[in-house]
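Fold and geometry: a report
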Amino acid sequence: MSEHTPRPGSVALITGGSGGFGRALATRLRDADVRVVLADLDSERNRSAAAELGVGFAVLDVTDHAANQRVVAEVEAEHGRLDAAFLNAGVAGSGRTDALDVAEYLQVVAVDLHGVVFGTDAARPALRRAGGGSIVVTASLAGLSPMPTDQAYSVAKGGAVAFVRSIGPVLHPEGITISAICPGFADTAIIDPLREHFAAAGFPVLTADEVAAAMQAAWAGADPGAAYVVQPGVGAVPYRFKGVPAAKTAAGESARIPGALLGPL
């Protein structure tokens, strides 16, 4: 199914790499003899995470367009190539519903959406130079079913899914497959404020490794522009987006969108 099955010696960049999903994915890829670089904010904790895993580390603020370009250039300079970019960095809002915190909204969208766009833009030329590769975006179930308690997160993740769907057909002719992973509630720091509620209700949450397994599988065999839902007891399944009603011609027939508007499908 895949044109880009991870091979020993392949090079993968993981943004937000020191968090739960990033660490679990780095462990999986390292054990598959993939050369891994974690990219995250500059802190002793993040550097230590990479050191403990025995993988590389790069300082990156994903909201900085130029910094994304710099990190990809550093990875290519050190390892000679880039085969996969896992755009995994993400933050959530506070869950306030009484008023919109504009500063918080801008920060969440900057990390969760702009970081994906900037990361894709940076990785694209490097993946082309490597003869093709994969971009895997960590989105969320909130990007498919918005959360009333976190509008900023829902907007950002919904935008990330839309971006993946939009650019998927553009990248595919270049030998690059981009896809989105949309986990449900998972055992990471993001659910810490609600953890006791999950426990009280007996609600199952994903392990970080379950999500990492879906991310690794997406590198190996995702469809271009696809979004995969990951839920406990279900695994990773492709999300089937509903079509929209087609325009009608004066004769009452379904109108065809001009090919020039569809791009390289």
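Up top you'll find the structure we're talking about.
The structure presented is a predicted model; accordingly, all values stated were derived computationally and were not measured.

The rules behind each value
Residues numbered from 1 in each chain as written. Predicted model: local features only at pLDDT ≥ 70, side-chain atom pairs only at ≥ 80, totals over all residues. Heavy atoms only, no water. Helix = DSSP H or I, 4+ residues; strand = E, 2+ residues; numbered from the N terminus. Buried < 20%, exposed > 50% of the residue type's maximum accessible area, 1.4 Å probe, protein only. Areas by Shrake-Rupley, 256 points an atom, 1.4 Å probe, with all protein chains shown as cover. Pairing = 2+ DSSP bridges. Axes fitted to C-alpha atoms, helices over the stretch in contact; angles between N-to-C directions. Patch = residues over 30% accessible without salt bridge, like charges linked within 9 Å, V, L, I, M, F, W, Y side chains within 5 Å. Salt bridge = Lys/Arg side-chain N within 4 Å of Asp/Glu carboxyl O. Core = buried A, V, L, I, M, F, W, Y, C linked by side-chain atoms within 4.5 Å. Contact = heavy atoms within 4.5 Å. Polar contact = N/O pair within 3.5 Å; in protein donor to acceptor, adjacent residues only side chain to side chain. Parallel < 35°, antiparallel > 145°, perpendicular 65-115°, else oblique. Left-handed = near helix turned anticlockwise from the far one by under 90°. Nonpolar A, V, L, I, M, F, W, Y, C, P; charged D, E, K, R; others polar. Expected span 1.5 Å × (residues − 1).

**A word on the overall build of the protein chain**
Broken down by element type, the protein chain carries 8 helices and 8 strands. Looking at the protein chain residue by residue over its 265 residues, the buried ones come to 45%. In the form shown here, the protein chain has an accessible surface area of approximately 12900 Å², with 56% of it arising from carbon and sulfur atoms.

**Some remarks on the sheet that holds strand β8 (residues 235-238)**
Read across the open sheet, the 8 strands follow the order β3-β2-β1-β4-β5-β6-β7-β8; overall the sheet is mixed. Strands with a single pairing partner mark the edges of an open sheet, and in this sheet they are β3 (56-59) and β8. Strand-to-strand twist of the sheet, defined as the mean angle between neighbouring strand axes without regard to direction, takes the value 20°. Relative to strand β4 (residues 84-87), strand β1 (residues 11-15) runs parallel, the two being bridged by 3 bridges. If you follow Ile-14 over to β4, its bridge partner there is Phe-86.

**A short note on a nonpolar patch on the surface**
Together, Leu-100, Val-102 and Leu-106 make up an exposed nonpolar region whose accessible area comes to about 310 Å². Take Val-102: its relative accessible area is 48%, and that puts it in the partly exposed class.

**Some thoughts on the nonpolar core**
Membership of the largest hydrophobic core comes to 42 residues, with the highest contact counts inside it found for Leu-13, Val-71, Val-75, Leu-82, Ile-135, Val-137 and Ile-178. The biggest single contributor to this core is helix α4 (residues 102-129), with 9 residues. In contact with Val-75, other than residues within four places in its own chain, are Val-11, Leu-13, Val-37, Gly-80, Arg-81 and Leu-82. Counting 30 residues, the second-largest nonpolar core is a separate cluster that includes Ala-24, Val-211, Ala-212 and Met-215.

**Brief notes about unusual backbone geometry**
Phi angles above zero are rare outside glycine, and Asp-33 is one such case at about 65°. Relative to the elements of secondary structure, Asp-33 occurs in the loop between α1 (20-31) and β2 (35-40).

**Examining the side chain of Thr-15**
Along the chain, the position of Thr-15 falls in strand β1. The exposure class of Thr-15 is buried, given its relative accessible area of 4%. A polar contact is formed between the side chain of Thr-15 and the backbone nitrogen of Asn-88, at a distance of 2.9 Å. Setting aside its immediate chain neighbours within four residues, Thr-15 contacts Ala-39, Leu-60, Val-62, Phe-86, Leu-87, Asn-88 and Ala-89.

**A few points about the pattern of salt bridges**
Enumeration over the complete set of coordinates arrives at 9 salt bridges. The salt bridge involving Asp-209 is made with Arg-28; its shortest N-O contact spans 2.9 Å. With a gap of 181 residues between them, Asp-209 in helix α7 (residues 208-221) and Arg-28 in helix α1 connect regions that are remote in the sequence. You can call Asp-209 partly exposed: its relative accessible area is 38%. Its salt-bridge partner being Arg-30, residue Asp-31 comes within 3.0 Å of it at the nearest N-O pair. The exposure class assigned to Arg-30 is partly exposed, which follows from its relative accessible area of 30%. Connected through shared salt-bridge partners, Arg-124, Arg-128 and Glu-174 make up one network.

**Some thoughts on the pairing of β3**
The pairing of β2 with β3 spans 4 bridges and is parallel. If you follow Asp-40 over to β3, its bridge partner there is Val-59.

**Quick word on the packing of α1 against α7**
Taken N-terminus to C-terminus, the directions of α1 and α7 make an angle of 60°; their axes are 8 Å apart at the nearest point. Classified by the angle between their axes, α1 and α7 sit oblique to one another. Once α1 is placed against α7, the crossing between them reads as right-handed. Taken together, the residues of α7 that come into contact with α1 (itself represented by Gly-20, Phe-21, Ala-24, Leu-25, Arg-28 and Leu-29) are Ala-208, Asp-209, Val-211, Ala-212, Ala-213, Met-215, Gln-216 and Trp-219. The residue makeup of the contact of α1 with α7, split by class, is 10 nonpolar, 2 polar and 2 charged.

**Some words on α4**
For α4, spanning 28 residues, the distance from its first C-alpha to its last is 40 Å, which sits close to the expected 40 Å at 1.5 Å a residue. For α4, the N-terminal capping position is held by Asp-101, with its side-chain oxygen 3.2 Å away from the main-chain nitrogen of Ala-103. Note on α4: the residue one or two positions beyond its end, Gly-131, has a positive phi of about 90°.

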